[in-house]
Amino acid sequence: MPIRRLSEDMVNRIAAGEVVERPASVVKELVENAIDAGATRIDVVTAGGGSTLIRVSDDGGGMDPDELALAVERHCTSKLDGGLDDIRSLGFRGEALAAIGAAARLSVTSRKRGSDSAFEISVEGGRVGDVKPAALSAGTRLEVRDLFFATPARLKFLKSERAESAAITDVVKRQAMAHPGIRFAVNGSDRSSLDYPAATGADAQLTRLGQIMGADFRSNSIAIDAGRQDATLKGFAGLPTYSRANSLAQFLFVNGRPVRDKLLLGALRGAYADLMKRDRYPVAALFIDVDPSQVDVNVHPTKADVRFRDAGMVRGLIVGAIREAFARSGLRSSTTATGATIAAFRPERPPQSWAAPWRPTGGTSGNAALAPGFAEEVQAAFRDADRPSADIRHTEPEPLTMARPLGAARAQLHENYIVAQTGDGLVIVDQHAAHERLVYERLKRGLADHGIARQILLIPEIVDLASDDADRIVDRAAELAELGLVVERFGPGAVAIHETPSMLGAMDAAGLVRDLAEEIAEWDKAVSLRDRLDRVASTMACHGSVRSGRRLKPEEMDALLREMEATPNASECNHGRPTYIELKLADIERLFGRR
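Scoring rules and cut-offs
What you see as residue numbers is a count from 1 along each chain, following the sequence as written. Only residues with pLDDT of at least 70 are given local features in this predicted model, and only at 80 or more are side-chain atom pairs given and counted; all residues enter the totals for whole chains, interfaces and linings. Side-chain calculation: all heavy atoms of the structure are included, whereas hydrogens and water are not. Starting at the N terminus, helices and strands are each numbered in turn, a helix being any DSSP run of H or I of at least four residues and a strand any DSSP run of E of at least two. The cut-offs for exposure are 20% and 50% of the maximum accessible area for each residue type, with area from a 1.4 Å probe on protein chains only; residues under the lower value are buried, those over the upper are exposed, and the others partly exposed. Working rule for contacts: check all heavy atoms of both residues, and any pair within 4.5 Å makes them a contact. Shrake-Rupley sampling with a 1.4 Å probe provides the accessible areas, and residues are treated as covered by the protein chains on show and by no other component. Take the residue count of a helix, subtract one, and multiply by 1.5 Å to get its expected span. Patch members must show over 30% relative accessible area and no salt bridge, and they are joined within 9 Å when carrying like charges or within 5 Å when they are nonpolar side chains of Val, Leu, Ile, Met, Phe, Trp or Tyr. Each salt bridge in this description consists of a side-chain nitrogen of Lys or Arg and a carboxyl oxygen of Asp or Glu lying within 4 Å of one another. Two strands are counted as paired when DSSP detects at least two bridges linking them. Classification of ring pairs uses Phe, Tyr and Trp, with its six-membered ring standing for Trp, and accepts pairs whose centres are within 6.5 Å; under 30 degrees between planes counts as stacked, over 60 as edge-to-face, and the remaining range as tilted. In this analysis an axis means a line fitted to C-alpha atoms, helices contributing only their contacting stretch, and an angle means the value between N-to-C directions, from 0 to 180 degrees. Left-handed describes a crossing in which the near helix is turned anticlockwise from the far one by less than a right angle; the clockwise case is right-handed. You can read pLDDT as the predictor saying how much it trusts each residue, on a scale of 0 to 100. Small angles under 35 degrees read as roughly parallel and large ones over 145 as roughly antiparallel, with 65 to 115 read as roughly perpendicular and the rest as oblique.

## Looking at the overall build of the protein chain
Then step 1. Secondary structure assignment for the protein chain yields 18 helices and 26 strands.
Then step 2. Expressed as a percentage of its 595 residues, the buried residues of the protein chain come to 46%.
Then step 3. In the protein chain, of all internal contacts separated by at least 6 residues, the share reaching a separation of at least 24 is 69%.
Then step 4. In the structure as shown, the protein chain presents an accessible area of about 30,000 Å², 51% of it carried by carbon and sulfur atoms.

Okay, here's the thing in structure tokens:
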């Protein structure tokens, strides 16, 4: 087949296929143009999931008749003054309006700021009409009808009206996050209305994030503000205990542009590596500003991916900034955990009325007899809770201890939970989860500083394993030795343990090796040496921590609380579970109807 030149109409339709993937792609391009035009208010109206109607209106700078005629032609733009190495706008290719006009019926009405006249131009299936006078108070209004009418095959690939509307909403939300000073409104017959008022002041960014991500995010996130070389990172990262089952609540921006870049998502995941369960995802909104010459935004037709000249520096900035922020924040537990605790205390139904009235019986002075039935089924749950595992109520805590974040230990319940009293409430600590974090942080410090002290076993412990598992343990023997666990092969399908980390004390070394074999089989060579060592340390910490069911002395409980206060990331264990829950006195009073 001979090579031939494509027609202009075919070229436009191919370009439209690259730029206009679905209705949300159209909204993205039009909203970006409005932002670049200096708009302070952007209104989006849709119908039929965007396939029937998309209307985007703004109060930006507008266009005169000559610019209006050029705007709908391919490769005409006002945004490339500095070339491709200095892109400081969201749009820059000059393809959006031409591509949309090739696939739909497009109408553009605009009024130049300071002008007393507005003008309109229409494009239908690639055919451009004449510029005509029109009525418009200010800015620009773009109306797209019958999307893909010129390429009906594309309509078959659209999702349901609800799904397409949701995709449009997501596009607007991401743009609204990046530009809190602009008011965004979304309306239409196919959706519920959204309105994000412009936010101003020092907390404008957090205010806008609260509008979109919810009030819980505001109270369960920490501010990120860091810089490295020519890049700066700002935003907010959710607490490790405030997580999601998927990555939909992760919002990343580069120079004000929403992106879904694998490098950035991986860096965010890495920052939470030892703070969160592997099947949970962090919640975050991060904004990276970097010199335009250090990032290429022209590697993807929809500009969803970017490429950094120094990707390692950007990854290090994200991981280091988030970890440092968590270390500085001290003890903070998710308010959602507190809310769930309060909800669990509230009765689900009103207490039933008793069949017989309460009457004291003769011969009782201080303790009257209970009404029939009171001490039977209802009280059965309390029979084993007549006294705490450890009780130090006779000791009056010092005021200085009560003023500490975790207060003074008052009791141990069910040989696992420490109840502490603070100046304005109480704290319940999971002793195993808390000590697991403390041991893990000690292992990491020892690994980074001077190595981990070992204790030699008098008699080596032999552990039988599957041959594959034994091979994996032996292959990682050098890495395990760095963490104080010395093993060697002991025939086929077995390893001998000679030394264990001394800080773990008496432990189930065989169980530790079996768990490590499973861990190594899961991640094997997919992660770096540093990450592998951290994961091994996490497993060791779990085996070496205070186990559930151990009774603690009063001084041991207080010592655990004080060490938690001095240890970074002590609000959650290595698996992302909270180590403590705090109830304020006001919350307790509300439970009893005192507030």
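## Examining the environment of F148
Then step 1. As for its placement among the helices and strands, F148 is situated in the loop between β7 (139-145) and α5 (161-178).
Then step 2. A relative accessible area of 1% places F148 in the buried class.
Then step 3. Note: C-alpha distance between F148 and A102 (46 residues apart in sequence) is 8.6 Å.
Then step 4. Excluding residues within four positions of it along the chain, F148 makes contact with V20, E21, R22, A103, A104, R154, L155 and L158.

## Some remarks on helix α2 (residues 23-36)
Since the α-helix advances by 3.6 residues per turn, residues separated by three or four positions end up pointing in the same direction.
Then step 1. A rise of 1.5 Å per residue sets the reference length of α2, with its 14 residues, at 20 Å; its end C-alpha atoms lie 20 Å apart and thus fit the reference within 8%.
Then step 2. Among the 14 residues that make up α2, 12 are buried, leaving the element largely enclosed by the rest of the structure.
Then step 3. Along α2, the residues classified as buried are P23, A24, S25, V26, V27, K28, E29, L30, V31, E32, A34 and I35.

## A closer look at a nonpolar patch on the surface
Then step 1. A cluster of nonpolar side chains, namely L6, M10 and I14, defines an oily patch on the protein surface of about 250 Å² accessible area.
Then step 2. Within the fold, I14 resides in helix α1 (residues 8-19).
Then step 3. Of the residues examined, I14 reaches a relative accessible area of 41% and is grouped as partly exposed.

## Topic: the pairing of strand β25 (residues 494-501)
Then step 1. Burial runs high along β25: seven of the eight residues are buried.
Then step 2. By the bridge criterion, seven bridges tie strand β23 (residues 454-464) to β25 in an arrangement that is antiparallel. When the bridges of β25 are listed, V463 appears paired with V495.
Then step 3. Here strand β24 (residues 486-489) pairs with β25 via four bridges, running antiparallel. Across the sheet, residue R489 finds its bridge partner in β25, namely V495.
Then step 4. What sits between the antiparallel neighbours β24 and β25 is a turn of four residues, in which G491 has the positive phi angle 80°.

## Quick notes on the packing of aromatic side chains
Then step 1. This structure, assessed with the given rule, holds two aromatic pairs.
Then step 2. Ring geometry for F253 versus F287: centroids 4.6 Å apart, planes at 10°, classification stacked. One end of the pair, F253, is in strand β13 (residues 250-254); the other, F287, is in strand β16 (residues 284-290), and 34 residues separate them in sequence.
Then step 3. For F287, a relative accessible area of 10% translates into the label buried.
Then step 4. Both rings, one in Y272 and one in F326, keep their centres 5.4 Å apart while their planes meet at 75°; by these two values the pair is edge-to-face. You can see Y272 sitting in the loop between α8 (262-271) and β15 (281-282) and its partner F326 sitting in helix α9 (residues 311-329), a full 54 residues away along the chain.

## Here we look at the sheet that holds β23
Then step 1. Read from one edge to the other, the open sheet built from three strands follows the order β23-β25-β24, with strand pairing classed as antiparallel. In this open sheet, the two edge strands, each paired with only one partner strand, are β23 and β24. Each strand axis lies, on average, 20° off the axis of its neighbour in the sheet, ignoring direction.
Then step 2. Across the sheet, helix α13 (residues 467-475) lies against β24 and β25, angled at about 40° from β25, the strand it touches most.

## Topic: the packing of α2 against helix α4 (residues 96-103)
Then step 1. Running from N to C, α2 and α4 point in directions that differ by 145°, and their axes come no closer than 10 Å. The crossing of α2 and α4 is left-handed. When α2 is examined against α4, the residues V26, E29, L30 and N33 are found in contact with a partner set consisting of A96, L97 and I100.

## Quick word on the confidence of the model for the protein chain
Then step 1. When the pLDDT values of the protein chain are averaged, the result is 83; 83% of them are 70 or greater.
Then step 2. Confidence over residues 362-376 falls short of pLDDT 50; this stretch has 16 contacts with residues more than four positions distant or in other chains.
Then step 3. Ignoring residues within four places in sequence, the model shows residues 378-383, a span with pLDDT below 50, making four contacts including any to other chains.

## Overview of the pairing of strand β20 (residues 408-413)
Then step 1. Burial analysis of β20 places five of its six residues in the buried class, the great majority of the element.
Then step 2. Two strands pair when backbone bridges link them, and β20 and strand β21 (residues 417-422) are joined in this way by five bridges, in the antiparallel orientation. Opposite Q412, over in β21, you have I418 as the bridge partner.
Then step 3. The hairpin formed by β20 and β21 contains three residues between the paired strands, and H414 there has a positive phi angle of roughly 50°.

## Regarding the packing of α2 against α5
Then step 1. Two elements in contact, α2 and α5, have axes whose closest approach is 8 Å; the angle formed by their N-to-C orientations is 25°. In terms of their interaxial angle, α2 and α5 are classed as roughly parallel. In terms of crossing hand, the pair formed by α2 and α5 is right-handed. Across the interface between the two elements, P23, A24, V27, K28, V31, E32 and I35 from α2 touch E164, A167, I168, V171, V172 and Q175 from α5.

## Thoughts on unusual backbone geometry
Then step 1. Here Q229, not a glycine, exhibits a phi torsion of approximately 55°, which is positive.
Then step 2. Mapped onto the elements of the fold, Q229 is located in the loop between β10 (221-228) and β11 (231-238).
Then step 3. A relative accessible area of 64% places Q229 in the exposed class.
Then step 4. One non-glycine residue, H414, lies in positive phi territory at about 50°.
Then step 5. In this fold, H414 is placed in the loop between β20 and β21.

## Some points on the sheet that holds strand β14 (residues 257-259)
Then step 1. Spatial strand order, β10-β11-β16-β13-β14: five strands in an open sheet with mixed pairing. Lying at the two open borders of the sheet, with one neighbouring strand each, are β10 and β14. Neighbouring strand axes in the sheet, compared pairwise and without regard to direction, differ in orientation by 20° on average.
Then step 2. Here β11 pairs with β16 via seven bridges, running antiparallel. Looking at β16, one finds that A231 is bridged to V290.

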